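Analysis of the macromolecular model
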Amino acid sequence: MSEITSITKIRQGFVQPIEVMTRREGDHDVQYVGIDTAAPPVRYVDNLRMVFELVRLDTSKGNWTPLNDVGTIHFARWVILPDDEHLLFCSNFDGSFDQYIHDFVSIANSGEKTRDNPSGAKWMDMIWGNCVGYPGTADFQRFLAYIRDSMVETTLFFPTIDDVTVRDISWLRQFRKHFIAFDEAAQGVDPTSWPVELRSAYDEMKAKINEIDVTDV
C-alpha cells in the first residue's frame, strides 16, 4: 500500500456554480451535473464545496460513484483547509503512483456516460478545476506533473496491513459469504448422507468462488 498527500491553491474570484439538473431523454428524466448559467456566480471555494456535497449526497444514498470504479483506492479524502485558500488531498492506494493517477483520469474523468456516471461528468475537472494551475487531464503527463508538484512529504505513514489490496479484500468478502452459505447448508445435512450432500454443497461453493469478479470492487 502507498500513500499520497498533496496541497493545491484554490483559485480566487468567481465562477458559475455547478448544479444537478434534469433533462428529458425519451420517456424519462435523466439527472446530470452541469453549469448553472442562470445562478449568480460563487467563489471558487464555494463551488468546490458544492462538488463535494454532491458526492457526499450520492454516497450517503448508497449510490455508486465513478470513484468506486477506481479499484485501487483504499481511502481518499479532500479537505478545504481553514484558510479557504488551499485544498488538501490524501489517499492510500495499491500499485504505483503513476498507475493510480492514470486510473483516476481514465475512470473518474473520462467524460463517458456509464452506469455509475450517467451524466458523463468529469469529476477531476469538477474538483481540481477550481484550483490554480490545473492543466486538465487531456495531457496525462502534465496532470501527473501537476499532482507531483503539489505533493508534500508525509512525516509518518503507518499501514496496519500493507500487503492486502482492495481486490484481495473484495475477494475475501465474497469468499466469506459463499463459505457461510456452505456452512449453513452443511448444518442441515443428514449424517448418513454426508458424502453426497456435502460434496454437492462444496461443489456449489467452489463454483461460486471461481466466478468471483475482483475487478468489480
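Here's a quick rundown of the structure. Since we're looking at a predicted model, the values are computed, not measured.

Structurally, the position occupied by His-86 is in strand E7 (residues 86–93). Between the alpha carbons of His-86 and Arg-11 there is a distance of 8.8 Å; along the sequence they are 75 residues apart. Side chain to side chain, His-86 and Asp-83 meet in a polar contact 2.8 Å long.

Take the pairing of strand E6 (residues 73–80) next. For E6 and E7, the ladder comprises seven bridges, and the chain directions are antiparallel. The residue of E7 that forms the bridge with Trp-78 is Phe-89. The hairpin turn running from E6 into E7, its antiparallel successor, is five residues long, and Asp-84 in that turn takes a positive phi close to 60°.

This paragraph deals with the environment of Phe-89. Tracing the backbone through its elements, the reader meets Phe-89 in strand E7. Apart from the residues within four sequence positions on either side, Phe-89 is in contact with Ile-4, Thr-5, Ser-6, Ala-76, Arg-77, Trp-78, Tyr-100, Phe-104 and Trp-128.

For the coordinates displayed, the defined rule picks out 11 aromatic pairs. Each member of the aromatic cluster is reached from another via a ring pair, and the members are Phe-52, Trp-78, Phe-89, Phe-93, Tyr-100, Phe-104, Trp-128, Tyr-134, Phe-143 and Tyr-146.

Pairing is antiparallel across the open sheet formed by three strands, whose spatial order is E1-E7-E6. Both outer strands of the open sheet, strand E1 (2–9) and E6, are each paired with one neighbouring strand and no more. The average undirected angle you get between the axes of adjacent strands in this sheet is 10°. Bridge count for E1 against E7 is eight bridges, and the pairing is antiparallel.

Conventions adopted
- Residues numbered from 1 in each chain as written.
- Predicted model: local features only at pLDDT ≥ 70, side-chain atom pairs only at ≥ 80, totals over all residues.
- Heavy atoms only, no water.
- Helix = DSSP H or I, 4+ residues; strand = E, 2+ residues; numbered from the N terminus.
- Polar contact = N/O pair within 3.5 Å; in protein donor to acceptor, adjacent residues only side chain to side chain.
- Pairing = 2+ DSSP bridges.
- Contact = heavy atoms within 4.5 Å.
- Phe/Tyr/Trp six-rings, centres within 6.5 Å; stacked < 30°, edge-to-face > 60°.
- Axes fitted to C-alpha atoms, helices over the stretch in contact; angles between N-to-C directions.

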